[in-house]
Amino acid sequence: MTARRRGLPSEQGFTLIEVVVSMTIMMMALVSLLGVVQMGVRAAMQRRNMELSQMLINRVIAQVDARYEKPLDNEFERGNFGNEFPDFQWEYRMTANQNLENFKALLPEIPITIFAVEAKVIWFEDGEQRDYTVKTVKGWVEASKQ
């Protein structure tokens, strides 16, 4: 059998200073961890909004294009997504692109008009306006008259 050593009362347990120091270290670690979690949540929200805006911009382009038999020069529209996505708005602009008129020289026998299209989805995040913009070109070929 081993004999138990009885310590002095001051050797049993932790001192108040040791408890305060350990609690301070633990609180600092917890605050750091909460900051990391908050950054992760913010990054996830930003990613969600970006992916959602990409889906919404495709919807806008398809819906606006479906309304016109022939594209209109200097067309500008603005709208929102109603109750489905109340925090998001959209803009759509289409202009006949004079910079691409040289393209017509390659195929002079084809009556083509080149349009520059810019579609934008806008939302607010962390008090700042954010947007996702798609710029593209569309060609419109007039039906031949025979």
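Structure: above.
Source: prediction; values computed, not measured.

What counts and how
Residues numbered from 1 in each chain as written. Predicted model: local features only at pLDDT ≥ 70, side-chain atom pairs only at ≥ 80, totals over all residues. Heavy atoms only, no water. Patch = residues over 30% accessible without salt bridge, like charges linked within 9 Å, V, L, I, M, F, W, Y side chains within 5 Å. Areas by Shrake-Rupley, 256 points an atom, 1.4 Å probe, with all protein chains shown as cover. Salt bridge = Lys/Arg side-chain N within 4 Å of Asp/Glu carboxyl O. Buried < 20%, exposed > 50% of the residue type's maximum accessible area, 1.4 Å probe, protein only. Pairing = 2+ DSSP bridges. Helix = DSSP H or I, 4+ residues; strand = E, 2+ residues; numbered from the N terminus. Axes fitted to C-alpha atoms, helices over the stretch in contact; angles between N-to-C directions. Contact = heavy atoms within 4.5 Å.

### With respect to a nonpolar patch on the surface
Logical step 1: A contiguous nonpolar surface patch, about 570 Å² in accessible area, is contributed by Met-27, Leu-30, Leu-33, Leu-34, Val-37 and Val-41.
Logical step 2: Accessibility expressed as a relative area gives 47% for Val-37, which makes it partly exposed.

### Points about the sheet that holds strand S2 (residues 85-96)
Logical step 1: Reading across the sheet, the 4 strands line up as S1-S2-S3-S4 and stay open at both edges, with antiparallel pairing between neighbours. Looking at the sheet topology across the chains shown, the edges are occupied by strand S1 (75-81) and strand S4 (128-141). Going from strand to strand, the sheet's axes swing by 15° on average, the running direction of each strand aside.
Logical step 2: Relative to the sheet, helix H1 (residues 16-67) contacts S1, S2, strand S3 (112-125) and S4, its axis offset from that of S2 by approximately 45°.

### Considering the environment of Leu-56
Logical step 1: Examined against the element boundaries, Leu-56 turns out to sit in helix H1.
Logical step 2: Placed 65 residues apart in sequence, Leu-56 and Val-121 show a C-alpha to C-alpha distance of 7.2 Å.
Logical step 3: Residues in contact with Leu-56, not counting those within four places in the same chain, are Phe-81, Phe-85, Phe-88 and Val-121.

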